[in-house]
Amino acid sequence: MDRLRLRTVLGNHQHVQALKTGALRSRLFDLDIIEFAPTNAAFKPMVREQAFDVCEMAVVTYLMARAHGKPLVLLPAVMLGRFQHGYALYRADRGTLVPRDLEGKRVGIRSFTTTTGAWMRGILANDHGVNLDKVDWVTFEDPHVAEYVDRTEHAPKGRNIIQMLKDGELDAVLGETSSDPALKPLFDDPAGDAARWYRRHGVVPINHLVVVTERLVTSRPDVVRELYDLLKRSKADAEPPGAPDPLPFGVEANRKPLELIIDYCVQQALIPRRLQVDELFDDTTRDLN
């Protein structure tokens, strides 16, 4: 068979550098690497146009795309996983704010459909008793999946989320970090809160995985299997990520975090129906381990 060139978007992660530089290569295909900064700028064209053969993608974007029948198939290969408690801020000079205080407040987030936002809202609702319907959400970007109807308040065009927080136009923001001493973390001890959350739930939140087009996996399942093997080898050759592993590979290794983020997406009406983990994959990718 002819050697393929796969239009590919992967983030600037240490564990994929061997693939991006060509140090690790396939016998079946070459990767035509397309750089996006930030990586999430590639999600919309991948969802709406299948603009690439292979693309890193936020898990919530993929769940929404799958629920709306987009011809994309998931690889059980985590590119970015992290605890979320450090990604919430408020203004230090306005008195102490704790998670439950967000009810009735104006809270900014880049887009209501971001994966970090979905994880954070799930944590706020299920671990801290926050009624998400009583929060006034202010967003700055449209969803990647066009079918989703965004009912949040949109910030004026050109405004910056951190500056709006500093100016007092927002009470808190999710999905952001800052070294500005005027801003404080919503969770007073983010690392400790994350450790306690992990002991309770037993998962590292998934942010990004890899998707391929349905066209590629149908026509060349051998290429998709080799791509997964190369991603796994590239991760193994990089420095070990430590424990718990934030970058699990394989369906079973990812089943529990996928089930949890699906639960959060259903609670937040991000997807129109509850997806099962196994339907995120096809006969080729479901057997990867």
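Above this text is the structure in question.
Residues numbered from 1 in each chain as written. Predicted model: local features only at pLDDT ≥ 70, side-chain atom pairs only at ≥ 80, totals over all residues. Heavy atoms only, no water.

A. Summary view of the side chain of Asp 30. Relative to the helices and strands, Asp 30 resides in strand 2 (residues 29-33). Here Asp 30 falls in the buried class, since its relative accessible area comes to 15%. Other than its neighbours up to four places away in sequence, Asp 30 contacts Arg 3, Leu 4, Arg 5, Leu 6 and Arg 25. (Helix = DSSP H or I, 4+ residues; strand = E, 2+ residues; numbered from the N terminus. Buried < 20%, exposed > 50% of the residue type's maximum accessible area, 1.4 Å probe, protein only. Contact = heavy atoms within 4.5 Å.)

B. Examining unusual backbone geometry more closely. Following Ala 37, the chain continues into Pro 38 via a peptide bond in cis, with omega recorded as 0°. Tracing the backbone through its elements, the reader meets Pro 38 in the loop between strand 2 and helix 2 (43-49). Of note in the backbone geometry, Gln 50 takes a positive phi value of approximately 50° without being a glycine. With respect to the element layout, Gln 50 can be found in the loop between helix 2 and strand 3 (54-58). Its identity is not glycine, yet Ala 269 carries a phi of approximately 55°, on the positive side.

C. Geometry of the side chain of Ser 26. Mapped onto the fold, Ser 26 is located in the loop between helix 1 (17-21) and strand 2. With a relative accessible area of 7%, Ser 26 lands in the buried category. A polar side-chain atom of Ser 26 sits 2.5 Å from a polar atom in the side chain of Glu 226. Setting aside its immediate chain neighbours within four residues, Ser 26 contacts Arg 3, Glu 226 and Leu 230. (Polar contact = N/O pair within 3.5 Å; in protein donor to acceptor, adjacent residues only side chain to side chain.)

D. Representation of the pattern of salt bridges in the model. All chains considered together, the criterion is met by 24 salt bridges. Here Asp 30 and Arg 25 are joined by a salt bridge, their closest N and O atoms 2.6 Å apart. In this structure, the salt-bridge partner of Arg 94 is Asp 171, at a minimum N-O distance of 3.6 Å. Remark: Asp 171 occurs in the loop between helix 5 (161-166) and strand 9 (172-174) and Arg 94 occurs in the loop between strand 5 (88-91) and strand 6 (106-109); sequence separation between them is 77 residues. On the basis of relative accessibility, which here comes to 47%, the residue Arg 94 falls in the partly exposed class. Classification of Asp 171 by relative accessible area gives partly exposed; the value is 22%. When salt bridges that share partners are traced, they join Arg 3, Arg 5, Arg 25 and Asp 30 into one network. (Salt bridge = Lys/Arg side-chain N within 4 Å of Asp/Glu carboxyl O.)

Coordinates in, geometry out; function isn't part of it.
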